[in-house]
Amino acid sequence: MATESREREGFGHVSRTVGVVFRYLLLAATLFGIVALTVLLIYVANDAIQPLTADPGWHLTFFVTLVVPTVAVGGYLLRTDPASFKFGGGVVGALAVSTMFAGGAAMIFVDIVQPVTWFGYVLALAVALAGVVAMERFDRQLPFLVRSVVAGAVAVLSLWLVPGLVRSLPVYPTDGLLLTASLGTPVALLVGRYAAAAAGKRGTALAVLGGVALVGVGSYAGPLIGVDPVPATVLLSVAVLPTGGYAVGTVRRHTERRPGLAFAGVILGGAVVGAVAVDALGFTGPQSWVDWGFLTSAHSGTAADAGLYPAIGGSILLMVTVAALSFPLGVGAAVYLEEYAPDNRFTRFIGINISNLAGVPSVVYGLLGLGVFVTYLGQPTGTVLIGGATLALLILPIVIISAREALRSVPDEMRQASYGIGATRWQTIKNVVLPRAFPGILTGTILALGRAIGETAPLIMIGAPNVLFSLPTEFSSKVSAMPLQVYAWASLFASDPFYRAAVPAGVVVLLVVLLSMNSIAIVLRNKYQNDQ
Amino acid sequence: MTDNTNPEFAVDESTDDPTTDDMVTGTDVSESVTSSGATMQRDTVVSAENVSVWYNDDRALRDITLDIPEKQVTAMIGPSGCGKSTFLRCINRMNDMIDAARVEGDLYLRTKNVYDDDVDPVALRRRVGMVFQTPNPFPKSIYDNVAYGLKIQNKNGDYDRIVEESLKRAALWDEVSDQLDQSGLELSGGQQQRLCIARAIAPDPEVILMDEPASALDPVATSQIEDLITELAEEYTVVIVTHNMQQAARISNKTAVFLTGGELVEFDDTEKIFENPESQRVEDYITGKFG
């Protein structure tokens with residue numbers, strides 16, 4: 001009887017109304033954030049680049065030469081061959097990001113570090129490295145202590161003597177050749193191995209030589225098309241060589257991804273053809289505020305002439321200082337806390353304190369920097385060193401926390417395996433834990449640097465100047481930074497053109513630099529996850 | 001047992017120092033003592049006397065006394081939580097890693113009490129290899145995995161040859177000989193475990209401890225590992241923990257049965273344990289009435 005009545009009724013329904021409402025509420029919350037951010041970015045980018053001031057023909061030309069082919073080829077590839085699509089996009093992305101880094105590096109070699117000085121230090125490092133390698137090769141039996149003392153002595157001596165010797169030479173080669181030797185060669189050595197892809201020692205050597213030759217020829221060919229030898233060499237070494245090596249190496253490993261190269265060619269070719277066509281047809285582009293002049297000139301009282309050059313260079317120098325200070329300190333503290341420190345009340349107290357410090361407002365760190373470095377240690381205000389040290393303190397807790405997270409994600413079985421075979425703690429950390437955690441540590445550090453590059457308040461507190469007309473040349477010279485310059489334009493020079501154009505342009509440059517830094521972190525993280 | 005100044009385990013923290021040749025001297029000393037007919041049995045490698053282990057206040061092992069013979073497979077069986085793995089980890093002092101663990105009693109490797117104050121656990125572990133429950137190769141190449149022990153112990157010799165021989169002994173060489181520079185993580189589970197065995201035997205230890213080495217593997221891989229263990233016993237003393245009784249019956253020469261509470265209930269030749277155990281509790285456990 002009972003089964004009969006149940007069958008007649010069917011299974012009935014379970015209400016999902018609340019669940020559906022909840023789901024769409026979550027969707028709305030997600031969309032709200034994304035939409036708000038997109039609107040803001042479009043608004044700022046529109047003010048900075050002003051795309052609507054261009055001729056309609058300009059838009060039409062680029063639409064025909066760049067957008068249509070990209071969408072057509074890309075859409076086709078995405079459906080038929082996603083791996084090639086990703087590879088092609090990756091090549092273009094790598095070229096764009098590395099070109100930006102090349103710009104930063106060129107700035108350093110043009111205005112801050114003379115190529116001769118750089119060459120001297122690279123040569124010194126190479127000499128020290130050769131000494132250590134030779135020692136390893138001839139006698140593996142030397143005790144660790146002797147080896148490290150000798151290696152340290154060789155490195156210090158070489159760094160102390162070689163740069164001076166190089167500078168005292170009566171004649172140098174040209175700057176382009178010096179940079180080819182000291183920047184192009186190391187990059188070619190790194191890239192050539194990947195590009196040659198198991199082609200044997202001969203193939204690798206050929207690839208490296210080819211890379212060096214490309215950079216060397218570029219240092220002479222650059223002036224012919226109006227680029228100075230130094231920027232041309234830097235651009236080839238930092239942008240063209242790595243991207244080309246990546247493309248060649250990947251195609252050699254996965255021949256089936258060759259269509260991706262065509263995709264990259266369509267995008268780059270479309271851009272070049274579009275530019276030539278626009279020029280030939282006489283269409284004018286947008287009256288963008290983010291242009292060559294903006295990137296290469298200093299502040300000016302009139303908004304139209306104002307530029308960001310010293311601020312960009314200052315931000316680069318600050319980031320170098322911050323990374324050099326916070327990376328070893330932060331990773332060192334993280335390794336100690338994760339691998340050595342016993343789990344007791346004191347270490348837990350330290351851990352909680354570090355978490356709290358990560359949330360302390362940046363203006364407080366600025367006050368700390370002012371108090372410790374300027375008032376107590378008597379350093380001059382607003383220098384690269386003080387600014388970098390203050391920002392390094394600011395991100396130190398974040399670096400420690402993310403490095404601890406990376407170390408904790410190393411499976412305990414790895415440590416057990418290493419201890420089980422008779423490794424000491426130091427050997428385990430050096431050979432097993434750190435190599436495995438390194439990509440995670442690097443990702444966390446880059447994201448933390450991304451926070452530091454956008455900080456204004458600490459720099460104001462330590463007395464960094466609002467306006468600077470040249471790049472800092474030493475650690476003890478005054479420094480400005482991109483967010484600080486933008487703040488100065490928005491507060492001290494608050495006139496309509498500054499508000500409407502210079503500030504958005506500065507923000508766009510800052511965001512682009514930030515995103516390209518983060519893109520490296522994302523690429524690293526993806527690679528790390530794939531490797532597991 | 002008498003020679004407490006024996007430097008065989010003494011290694012300082014800076015073990016990148018290749019001048020310490022303790023492996024060679026260590027083996028020499030202990031062999032001479034054994035052959036001169038000390039108090040111990042000629043063929044006993046590991047000997048436990050009243051070993052007890054506490055985790056905080058919980059007693060995990062109660063007065064374990066047993067002698068593990070040389071170049072044979074000794075199996076430890078028993079239900080979960082009976083302390084068999086804990087005993088295994090006493091032999092190479094891996095329990096030192098756990099802050100809460102406390103070991104009492106004497107445990108001799110050859111003639112030396114490994115819990116003496118002058119024993120360096122790191123040096124001890126260089127003479128006692130270990131294979132774990134889940135295959136745990138390093139995220140390095142196959143070659144570097146096998147050579148890891150040689151490198152950290154600063155062993156001299158032809159690494160290429162030792163790596164090849166270890167992989168051959170672990171019955172893995174034929175499958176990986178042309179891909180030694182590939183990552184060890186790209187192998188299958190059974191291959192990874194054999195790689196871990198190759199890694200453990202490369203530095204030529206005296207004893208190999210195996211903590212349920214086949215429990216995470218499929219039946220085919222398990223039988224490969226079992227064949228391998230039988231072969232390894234020709235040259236090494238193997239101590240294996242397993243909760244698979246058939247496995248213990250198949251591969252071991254001697255079997256120790258641990259039961260709940262950390263007691264060693266019976267220790268004898270494997271055939272005797274499985275055919276005619278003395279203790280009723282062991283018989284119940286083996287016939288499946290309990291545990």
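In what follows, the accompanying structure is described. (Residues numbered from 1 in each chain as written. Chains lettered and ligands numbered in written order. Predicted model: local features only at pLDDT ≥ 70, side-chain atom pairs only at ≥ 80, totals over all residues. Heavy atoms only, no water.)

**Digging into the overall build of chain B**
At step 1: If you tally the helices and strands in chain B, you get eleven helices and ten strands.
At step 2: The buried share of chain B, reckoned over its 291 residues, is 55%.
At step 3: Across chain B, every contact between residues at least 6 apart in sequence was considered, and the portion connecting residues at least 24 apart equals 68%.
At step 4: Of the accessible surface of chain B, which amounts to about 12400 Å², a share of 44% is contributed by carbon and sulfur atoms. (Helix = DSSP H or I, 4+ residues; strand = E, 2+ residues; numbered from the N terminus. Buried < 20%, exposed > 50% of the residue type's maximum accessible area, 1.4 Å probe, protein only. Contact = heavy atoms within 4.5 Å. Areas by Shrake-Rupley, 256 points an atom, 1.4 Å probe, with all protein chains shown as cover.)

**Some details on the pattern of salt bridges**
Residue and element names in this part refer to chain B.
At step 1: Going through the model one piece at a time under the given rule, you end up with 25 salt bridges over all chains.
At step 2: When the shortest N-O distance is used, the salt bridge between Glu-175 and Arg-194 registers 2.9 Å. One end of the pair, Glu-175, is in helix α6 (residues 173-176); the other, Arg-194, is in helix α7 (residues 189-201), with 19 residues separating them in the sequence.
At step 3: Owing to a relative accessible area of 33%, Glu-175 belongs among the partly exposed residues under this scheme. (Salt bridge = Lys/Arg side-chain N within 4 Å of Asp/Glu carboxyl O.)

**Regarding the interface of chain A and chain B**
The figure often quoted for interface size is the accessible area lost as the parts come together.
At step 1: On the chain B side, the residues contacting the 25 residues of chain A number 31 residues.
At step 2: At the boundary of chain A with chain B, the tally comes to zero salt bridges.
At step 3: Here chain A is connected to chain B by eight residue pairs in polar contact (both at pLDDT 80 or more).
At step 4: When residues of the side of chain A that touches chain B are traced back to their parent elements, those giving at least two are α6 (144-167), α16 (412-420) and α17 (425-453) of chain A.
At step 5: Top contributing element to the side of chain A that touches chain B by residue count: α17(A), with eight residues.
At step 6: In terms of residue class, the side of chain A that touches chain B is built from ten nonpolar, nine polar and six charged. (Polar contact = N/O pair within 3.5 Å; in protein donor to acceptor, adjacent residues only side chain to side chain. Nonpolar A, V, L, I, M, F, W, Y, C, P; charged D, E, K, R; others polar.)

**Comments concerning the packing of aromatic side chains**
At step 1: Taken as a whole and assessed by the stated rule, the structure comprises eleven aromatic pairs over all chains.
At step 2: Ring centres 6.3 Å apart and planes at 15° place the aromatic pair A:Tyr336 and A:Tyr340 in the stacked group. Placement of the pair is A:Tyr336 and A:Tyr340 together in helix α12 (residues 309-340), with a separation of four residues, close to one helical turn.
At step 3: A:Tyr340 sits in the partly exposed class, given a relative accessible area of 36%.
At step 4: Among the aromatic residues, ring-to-ring pairing joins A:Phe294, A:Trp489, A:Phe493 and A:Phe498 into one connected group.
At step 5: Sitting over the ring of B:Phe138, B:Arg199 keeps its end group 4.5 Å from the ring centre.
At step 6: A cation over a ring is seen here: B:Lys254 above B:Phe267, with NZ or CZ 4.9 Å from the ring centre. (Phe/Tyr/Trp six-rings, centres within 6.5 Å; stacked < 30°, edge-to-face > 60°. Lys NZ or Arg CZ within 6 Å of the ring centre and 35° of its normal.)

**Details of a nonpolar patch on the surface**
At step 1: Together, A:Val20, A:Tyr24, A:Leu27, A:Leu31, A:Val35 and A:Val39 line one region of the surface with nonpolar side chains, adding up to about 550 Å² of accessible area.
At step 2: Assignment of secondary structure puts A:Tyr24 in helix α2 (residues 17-49). (Patch = residues over 30% accessible without salt bridge, like charges linked within 9 Å, V, L, I, M, F, W, Y side chains within 5 Å.)

**Considering helix α5 (residues 115-138) of chain A**
Structurally, the α-helix is built with 3.6 residues per turn, so residues lying three or four positions apart point the same way.
Residue and element names in this part refer to chain A.
At step 1: Taking 1.5 Å per residue, 24 residues should reach 34 Å; α5 reaches 34 Å between its end C-alpha atoms and fits that length.
At step 2: For α5, the complete set of buried residues consists of Pro-115, Val-116, Thr-117, Phe-119, Gly-120, Ala-124, Ala-128 and Met-135.
At step 3: Residues of α5 that are buried make contact with α4 (82-111), α6, α7 (175-196) and α9 (229-253). (Expected span 1.5 Å × (residues − 1).)

**Re the packing of α4(A) against α9(A)**
A pair of packed helices is characterised by two quantities: the angle between their axes and the separation of those axes.
Residue and element names in this part refer to chain A.
At step 1: Two elements in contact, α4 and α9, have axes separated by 8 Å at closest approach and are oriented at 160°. If you check the angle between α4 and α9, you find them roughly antiparallel. In the crossing of α4 with α9, the sense of the turn from one axis to the other is right-handed.
At step 2: Of the residues that constitute the contact of α4 with α9, the class distribution is 19 nonpolar, five polar and no charged. (Axes fitted to C-alpha atoms, helices over the stretch in contact; angles between N-to-C directions. Parallel < 35°, antiparallel > 145°, perpendicular 65-115°, else oblique. Left-handed = near helix turned anticlockwise from the far one by under 90°.)

**Looking at the nonpolar core**
At step 1: Counting 57 residues, the largest nonpolar core has B:Phe87, B:Leu107 and B:Phe258 as its most contacted members.
At step 2: Apart from the residues within four sequence positions on either side, B:Phe87 is in contact with B:Ala48, B:Leu61, B:Ile64, B:Leu66, B:Ile68, B:Met76, B:Leu107 and B:Phe258. (Core = buried A, V, L, I, M, F, W, Y, C linked by side-chain atoms within 4.5 Å.)

**Observations concerning unusual backbone geometry**
Residues and elements named next belong to chain B.
At step 1: One non-glycine residue, Arg-93, lies in positive phi territory at about 55°.
At step 2: With respect to the secondary-structure elements, Arg-93 resides in the loop between α2 (84-91) and β4 (101-109).
At step 3: Located in the positive-phi region is Glu-212, a residue other than glycine, with phi close to 45°.
At step 4: Note on placement: Glu-212 falls in the loop between β7 (207-211) and α8 (219-232).
At step 5: By relative accessible area, Glu-212 is classed as buried at 9%.

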